[in-house]
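Reading the structure
Spelled out from the first residue to the last, the chains are:
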Amino acid sequence: MRTPLITREGYNQLKQELDYLWREERPEVTKKVTWAASLGDRSENADYQYNKKRLREIDRRVRYLTKSLGILRIVDYSPQQQGKVFFGARVEIENDEGETKQFRIVGYDEIFGRKDYISIDSPMARALLKKETGDAARVDTPAGSAVWYINEITYPDAG
C-alpha cells in the first residue's frame, strides 16, 4: 500500500494537470472525435480511432487524478524537521566506495519522470527516515544490503 502523502508543489502539479486535461485537452479531443465521426465509416477512420483512444486515456487519467487528489495529504515543511530526514527532504548520501547520490523524498505520485526523486515507500527512504547528517543507514533491497552515510539534509521549502 502506498503512503498517501504529497508535497504542496506535487499536489499543485497534479491539480494543474487535471485542470488542463479537463478544461483544455478533453474538449479539444472531443471536437476531433465528433468531426471524425461525421465523416462516416469509423472502422477505417484513423483520426476517429486515434482520438477516441486518446479520449479514453484522458478519462482514465482524470478519474485517477480526481480520486488521488481527494485522498492525498499535503505535507508542508515544518522547522522541527530541520537536521533530520523526513518527508520532503533533499538528501545527499555516500557509500564506502565514495559513490554519492542526491534525491528528494516525496510521494509516489511525484516520482514519475524525475530521476532525482524517490518515493517515501522505497527501501532507501525508509532506511533514511529520522536519521541525521553523519548517520549511517543500512538499506536492504532485493539486490542486497548496503550502508550509506548522510552528507547533507536540506528542505527546499525551508526558505
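Values in this document were obtained by computation on a predicted structure and should not be read as measured data.

Looking at chain direction, strand β6 (residues 136-141) and strand β7 (residues 144-154) are connected through six bridges and run antiparallel. The residue bridging D140 from the neighbouring strand is S145, located in β7. Linking two consecutive strands that pair antiparallel, namely β6 and β7, is a turn of two residues.

Mapped onto this numbering, the UniProt entry annotates "domain: Transcription elongation factor GreA/GreB C-terminal" (unreviewed entry) at residues 81-155. The distance separating the terminal C-alpha atoms of residues 81-155 is 9 Å; by composition the span is 8% helix and 43% strand.

The subject of this paragraph is unusual backbone geometry. Where the residue is not glycine, phi is negative for most of them; where a peptide bond is considered, it is trans in most cases. Positive phi outside glycine occurs at K130, with the angle close to 70°. Within the secondary structure layout, K130 lies in the loop between α3 (123-128) and β6. Take K130: its relative accessible area is 60%, and that puts it in the exposed class.

The subject of this paragraph is the packing of aromatic side chains. One pass over the full model with this rule turns up two aromatic pairs. Note on Y77 and Y155: the rings are 5.2 Å apart at their centroids and 45° apart in plane angle, and the pair reads as tilted. Pair noted here: Y77 is in the loop between β2 (73-75) and β3 (90-94) and Y155 is in the segment after β7, with a separation of 78 residues, a long-range link. Here Y77 falls in the partly exposed class, since its relative accessible area comes to 23%. When the centroid spacing of 5.1 Å and the interplanar angle of 85° are considered together, the rings of Y108 and F112 count as edge-to-face. Using a relative accessible area of 27% as the deciding quantity, one classes Y108 as partly exposed. Under the relative-accessibility criterion, F112 is labelled exposed at 53%. In this arrangement the basic side chain of R114 is found over the ring face of Y117, its NZ or CZ atom lying 4.0 Å from the centre.

V85, V91, I93, F103, I105, M124 and L128 are the most contacted members of the largest nonpolar core, which has 20 residues in total. Elements supplying a minimum of two residues to this core: β3, β4 (100-106), α3, β6 and β7. Here this core gets four residues from one element, more than from any other, and that element is α3. If sequence neighbours within four positions are ignored, V85 has contacts with V91, I105, L128, L129, K130, K131, I150, I153 and Y155. Core analysis: the second largest hydrophobic core is formed by 16 residues, L14, L55, L65 and L69 among them.

This next bit is on the environment of S38. Its location among the elements puts S38 in the loop between α1 (8-37) and α2 (46-71). The exposure class of S38 is exposed, given its relative accessible area of 57%. For the pair formed by S38 and L129, sequence separation is 91 residues and the distance between their alpha carbons is 58 Å. Within polar-contact distance, the side chain of S38 engages the backbone oxygen of W35 at 2.5 Å.

So, how was this worked out
- Residues numbered from 1 in each chain as written.
- Predicted model: local features only at pLDDT ≥ 70, side-chain atom pairs only at ≥ 80, totals over all residues.
- Heavy atoms only, no water.
- Pairing = 2+ DSSP bridges.
- Helix = DSSP H or I, 4+ residues; strand = E, 2+ residues; numbered from the N terminus.
- UniProt positions renumbered as here; feature names shortened; annotations may be inferred.
- Buried < 20%, exposed > 50% of the residue type's maximum accessible area, 1.4 Å probe, protein only.
- Phe/Tyr/Trp six-rings, centres within 6.5 Å; stacked < 30°, edge-to-face > 60°.
- Lys NZ or Arg CZ within 6 Å of the ring centre and 35° of its normal.
- Core = buried A, V, L, I, M, F, W, Y, C linked by side-chain atoms within 4.5 Å.
- Contact = heavy atoms within 4.5 Å.
- Polar contact = N/O pair within 3.5 Å; in protein donor to acceptor, adjacent residues only side chain to side chain.

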